[in-house]
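# Commentary on secondary and tertiary structure
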Amino acid sequence: MKVIRTVSELRYFLSTHSNSAIGFVPTMGNLHAGHLNLVQWARKENEIIVVSIFVNPTQFDDPHDFQIYPRTLEEDLHQLEAHYVNYVFCPRVEEMYPIWPDSITFQVGELGRYWCGAYRPGHFNGVVQVVAKLFNLVQPRRAYFGEKDFQQLRIIEEFVKAYHYQIEIVRCPTIREEDGLAMSSRNRHLTPEERKQAIVLYRVLSKLNEYAKEGMQVKQLIAQVMPLLEEYPLFRLQYLGVADSFTLRPIEILRKKNQPRAMIAGFIGKTRLIDNMSLNL
Ligand code: AMP
């Protein structure tokens, strides 16, 4: 496994694989089983695997959140080596942003309007900005993204289509802890008591899924799970709703044709957690 820190080195090494299928897994590091699952999927379908580890400053709407984001490069590299990754690209900020700030940026439209987009101004613009740079550098055949960040995944799918990237975006399922909490680098910030209460997101989504029926009003469905939130006083709900899984628009009535997906976000202490689940009608 080769660890690469500069754009010129990356270009040099990848030029020796111009006829190979490259599978790419972009990450911000502090790797867990969710990330490693993406790597495993990539390993099955491609000859060369590139993983990037880059905490991208432009997607953080809160500078403090950027500062405290867990950075564990040595551990991450050990894990990637054990998963037969060929190249790890872990550039410095100046390498990715030779001009700071970029004078040309992206503006995510409709898909970025709801859910996290409504609470994290500029976040998805920053995600697309860094993904565009990474895709241009790595030029993968396939790129792997987790359903854990469903809105991000949909935006990247749309981005690739709109800008004619010849890259297949592969959706990978959310990997969870035993009690259902979706794995996330941010879970590290939780105190033991907060960690216990963090299962509220999964519990709410599971209950919604259990009660969901074709033709039902979303308002009525949500009213049924609201009492559950009272059992978790450390949790401050930011949003809870159901999205059309293609347009991401909030829907009012559950219909199979919308492939409805329940979306939830909130804070436990200072840590913001998100999760989502496809509803089986
Ligand atoms: P991040 O390092 O948080 O930017 O995530 C990098 C990639 O890993 C993104 O495509 C995420 O959606 C994906 N990912 C993060 N957590 C999980 C998880 N628990 N299950 C599946 N994919 C995940």
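In short, a report on the structure.

Thresholds applied
- Residues numbered from 1 in each chain as written.
- Predicted model: local features only at pLDDT ≥ 70, side-chain atom pairs only at ≥ 80, totals over all residues.
- Heavy atoms only, no water.
- Helix = DSSP H or I, 4+ residues; strand = E, 2+ residues; numbered from the N terminus.
- Rg over C-alpha atoms; globule rule 2.2 N^0.38 Å.
- Buried < 20%, exposed > 50% of the residue type's maximum accessible area, 1.4 Å probe, protein only.
- Contact = heavy atoms within 4.5 Å.
- Areas by Shrake-Rupley, 256 points an atom, 1.4 Å probe, with all protein chains shown as cover.
- Lys, Arg positive; Asp, Glu negative; His and termini not counted.
- Charge placed at Lys NZ, Arg CZ, Asp CG, Glu CD.
- Salt bridge = Lys/Arg side-chain N within 4 Å of Asp/Glu carboxyl O.

With that settled, consider the overall build of the protein. Helix and strand content of the protein: 11 helices and 9 strands. Taking 281 residues into account, the globule formula puts the C-alpha radius of gyration at 19 Å, and the protein, at 19 Å, falls close to it. Along the three orthogonal principal directions, the C-alpha set of the protein runs to about 55 × 40 × 40 Å. Across the 281 residues in the protein, those meeting the buried criterion constitute 56%. Looking at the protein alone, contacts between residues at least 24 apart form 75% of all its contacts between residues at least 6 apart. When the accessible surface of the protein is totalled, it reaches about 13,800 Å², and 51% of it is carbon and sulfur. Taken as two groups, the 33 positive and 31 negative side-chain charges of the protein have centres that lie 4 Å from each other.

Summed over the entire model, instances satisfying the criterion amount to 18 salt bridges. Between glutamate 147 and arginine 261 there is a salt bridge, with its nearest N and O atoms 3.6 Å apart. Linking glutamate 147 in the loop between strand 5 (142–146) and helix 8 (150–162) with arginine 261 in strand 8 (residues 261–268), this pair joins segments that are 114 residues apart in sequence. Across the pair lysine 196 and glutamate 193 runs a salt bridge, and its minimum N-O distance is 3.7 Å. Of this pair, lysine 196 and glutamate 193 both sit in helix 9 (residues 192–197), 3 residues apart, roughly one helical turn. Residue glutamate 193 is classed as partly exposed on the basis of its relative accessible area, which comes to 39%. Residues joined by salt bridges that share partners form a network here, namely Arg154, Glu157, Glu158 and Arg171.

In short, shape yes, function no, at least from these values alone.
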